[in-house]
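Reading the structure
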Amino acid sequence: GSLENYASLFKIIQKAKPDEIYHLAAQSYVASSFDDEFSTLNININGTHYVLSSVKELGKKIKFYFAGSSEMFGKVSTKYQNEKTPFNPRSPYGISKVTGYYLTKNYREAFKIFTSTGILFNHESPRRGSEFVTRKISYGVARIKKGLQKKLSLGNINSKRDWGHARDYVNAMWLMLQQDTSGDYVIGTGKEYSVRDFADKAFKHVGLNYEDYVTIDKTLMRPAEVDTLLANSSKAKKQLKWQPKTTFENLVIEMVESDLEFVTKFGY
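All figures in this text were calculated on a predicted structure; none of them were measured in a lab.

1. Regarding the pairing of strand β1 (residues 20–23)
Where burial is concerned, the two faces of β1 differ: the one with I21 and H23 is buried and the one with E20 and Y22 is not. For β1 and strand β2 (residues 63–67), the ladder comprises four bridges, and the chain directions are parallel. Each bridged residue has a counterpart across the sheet, and for Y22 the counterpart in β2 is Y65.

Pasting the structure below:
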């Protein structure tokens, strides 16, 4: 199937007869959304609409989860962001996710379908794609430690994010669809670290100083930067009984160790 093809999604859902749908698919790389905003908007908005429409047509008892994003908040005016914080997206990706959020909300209110949006802050793991800065750092550190790379080029290392582990956040997604009523939830750790902090901890783990290896490449800067994002997940903690379990430091170490193992095994 394809997110760009309503008929294929309809047939898949019709055949599978799911109790729950977790709609995580999207063009999710923010930098690419500036380079190809048309594809990002078409895939992310239409794909969400197609799945929701299929649910409406095939069975309203299906529970639907939409993967929102902290990028929906964009340029923020408050230190912490919760479910009531106004959206101010700064990228085509963020705009597409805001639209998906309102589509999900509309289907909940207009058609009485169980639809929930998880407004997830940055969630990482060793499975993160290498185009994302966290994996770029962990993989670069492993290659530098093994003598396969000399420098690591990064963009805005002062940008701050609320980083958590994907496995904790997937648990939060599941919990949302186990509730009696649907709703929207901000998911994050409530702790903020910069890209510089991530690089510092990653290099320190292998006994190196990031300042000796990191170079700044201005071409990696976003046209419209989001400087800081920090979650207030008090609603999720109260209603879902959810708590993040993995610390920032352990997340960084897990990613670096995984890439060290990969580089050692495959030699690249």
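2. Overview of a nonpolar patch on the surface
Nonpolar side chains collect at one region of the surface, where Y22, L24 and W174 lie side by side and expose about 300 Å² of accessible area between them. Locating W174 in the fold gives a position in helix α6 (residues 166–176). The exposure class of W174 is partly exposed, given its relative accessible area of 44%.

3. Re the pattern of salt bridges
Taken as a whole and assessed by the stated rule, the structure comprises eight salt bridges. In this structure, E254 and R167 form a salt bridge, with 2.9 Å as the shortest nitrogen-oxygen distance. Of this pair, E254 sits in helix α9 (residues 248–266) while R167 sits in helix α6, and the two are 87 residues apart along the sequence. Overall, the relative accessible area of 25% leaves E254 in the partly exposed class. The partner of K204 in a salt bridge is D200, and the shortest N-O contact between them spans 3.5 Å. Note that K204 and D200 are positioned in helix α7 (residues 195–205) at a spacing of four residues, about one turn of the helix.

4. Quick word on the environment of F114
By the secondary structure assignment, F114 is in the loop between α4 (92–111) and β3 (115–120). Dropping the residues within four chain positions of it, F114 is found in contact with K60, I62, K63, F64, M176, L177, Q179, D180, T181 and S182.

5. Things to note about the sheet that holds β1
In space, the four strands of this open sheet follow the order β1-β2-β3-β8, with parallel pairing throughout. The open sheet has two edge strands, β1 and β8 (184–187), and neither has a second partner. Sheet twist, expressed as the average angle between the axes of neighbouring strands with direction ignored, equals 20°. Examined bridge by bridge, β2 and β3 share four bridges and lie parallel to one another. Paired with F64 across the strands is T115, a residue of β3. Contacting β1, β2 and β3, helix α3 (residues 37–58) crosses the sheet at an angle of about 175° to β1.

So, how was this worked out
As a convention, each chain's residues are numbered from 1 in the sequence order in which they are written. In keeping with the predicted nature of the model, local features appear solely for residues at pLDDT of at least 70, side-chain atom pairs appear and are counted solely at 80 or more, and the whole-chain, interface and lining totals rest on all residues. The basis for every side-chain value is the complete set of non-hydrogen atoms in the structure, without hydrogens or water. Only protein chains enter the accessibility calculation, which uses a 1.4 Å probe; a residue is then buried when its area is under 20% of its type maximum, exposed when over 50%, and partly exposed in between. Strands are runs of DSSP state E lasting at least two residues, helices are runs of H or I lasting at least four, and both sets are numbered from the N terminus onward. One requirement defines pairing of two strands: DSSP has to find at least two bridges between them. A patch is a set of surface residues, each over 30% in relative accessible area and not in a salt bridge, joined within 9 Å for like charges and within 5 Å for the nonpolar side chains Val, Leu, Ile, Met, Phe, Trp and Tyr. The method behind every accessible area is Shrake-Rupley, applied with a 1.4 Å probe, and residues are considered shielded solely by the protein chains displayed. What makes a salt bridge here is a side-chain nitrogen of Lys or Arg within 4 Å of a carboxyl oxygen of Asp or Glu, nothing more. Should any heavy atoms of two residues lie within 4.5 Å, those residues are counted as being in contact. Every axis corresponds to a line fitted to the C-alpha atoms, with the helix fit spanning only the stretch in contact, and the corresponding angles, defined between N-to-C directions, vary from 0 to 180 degrees.

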